[in-house]
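These are the residues of each chain, in order.
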There are 2 protein chains.
Amino acid sequence: MKVKVEVFLRSDVFDPQGKAILNAVHHLGYHKVGSVQVGKVFILDVEGSKEEVERQTKEIADKLLANPIIENFTVSFL
Amino acid sequence: MKVKVEVFLRSDVFDPQGKAILNAVHHLGYHKVGSVQVGKVFILDVEGSKEEVERQTKEIADKLLANPIIENFTVSFL
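Residues numbered from 1 in each chain as written. Chains lettered and ligands numbered in written order. Predicted model: local features only at pLDDT ≥ 70, side-chain atom pairs only at ≥ 80, totals over all residues. Heavy atoms only, no water.

*Asks:* Tell me about the packing of aromatic side chains, and please be specific about residues and values.
*Replies:* Counted under the stated rule, the structure contains zero aromatic pairs over all chains. For A:Lys50, the ring lying beneath its charged end belongs to A:Phe77, and the centroid distance is 4.8 Å. (Phe/Tyr/Trp six-rings, centres within 6.5 Å; stacked < 30°, edge-to-face > 60°. Lys NZ or Arg CZ within 6 Å of the ring centre and 35° of its normal.)

*Asks:* Summarise the interface of chain A and chain B; cite the residues concerned and give the values.
*Replies:* Taken residue by residue, the interface counts 32 residues in chain A and 32 residues in chain B. The largest per-residue losses of area from chain A upon contact with chain B belong to A:Tyr30, A:Lys32 and A:Val41, which jointly make up 23% of the total buried on that side. Connecting chain A to chain B are four salt bridges. Here B:Lys32 makes a salt bridge to A:Glu52, at a shortest N to O gap of 3.0 Å. Run the count over chain A and chain B and you get 18 residue pairs in polar contact (both at pLDDT 80 or more). Only β1 (2-9), α1 (16-27), β2 (33-46) and α2 (50-65) of chain A provide two or more residues apiece to the side of chain A that touches chain B. At 14 residues, the largest contribution of residues to the side of chain A that touches chain B is made by β2(A). Classifying every residue of the side of chain A that touches chain B gives 17 nonpolar, five polar and 10 charged. (Contact = heavy atoms within 4.5 Å. Buried area = accessible area lost by both parts, 1.4 Å probe. Salt bridge = Lys/Arg side-chain N within 4 Å of Asp/Glu carboxyl O. Polar contact = N/O pair within 3.5 Å; in protein donor to acceptor, adjacent residues only side chain to side chain. Helix = DSSP H or I, 4+ residues; strand = E, 2+ residues; numbered from the N terminus. Nonpolar A, V, L, I, M, F, W, Y, C, P; charged D, E, K, R; others polar.)

Here it is, written out as structure tokens:
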């Protein structure tokens, strides 16, 4: 079963990558872009029931894929 | 209008990050995880019609967010 984990900086944490990309986008002439958020996305292929896969994926995200102090993550099934 | 760009390595390109995370996941005891793919995700806030936003976002992804030689990207509306 394929499951997706998306990890973004919390909204109260400054996103320097997003800011840098926004500047580059404007530099290329795309002035209608108001903001850019940058995150990480993981696709895991996990065996098991939907409940088991969801539980394990959340544990893996919490322990390994996201830094709970500055990041939030969401889990969704593909 | 919020639009999401997801960037992944092409399937014929080796994903060292994914492999490293898979090893770490197994090391933590999650042996039912068969594979891990790692990508980047961007959320852009862009003014304009849906067609205009889609066209501009694809151009930005092609020029700036993805390396067309080794990566694929998808664009979706939030």
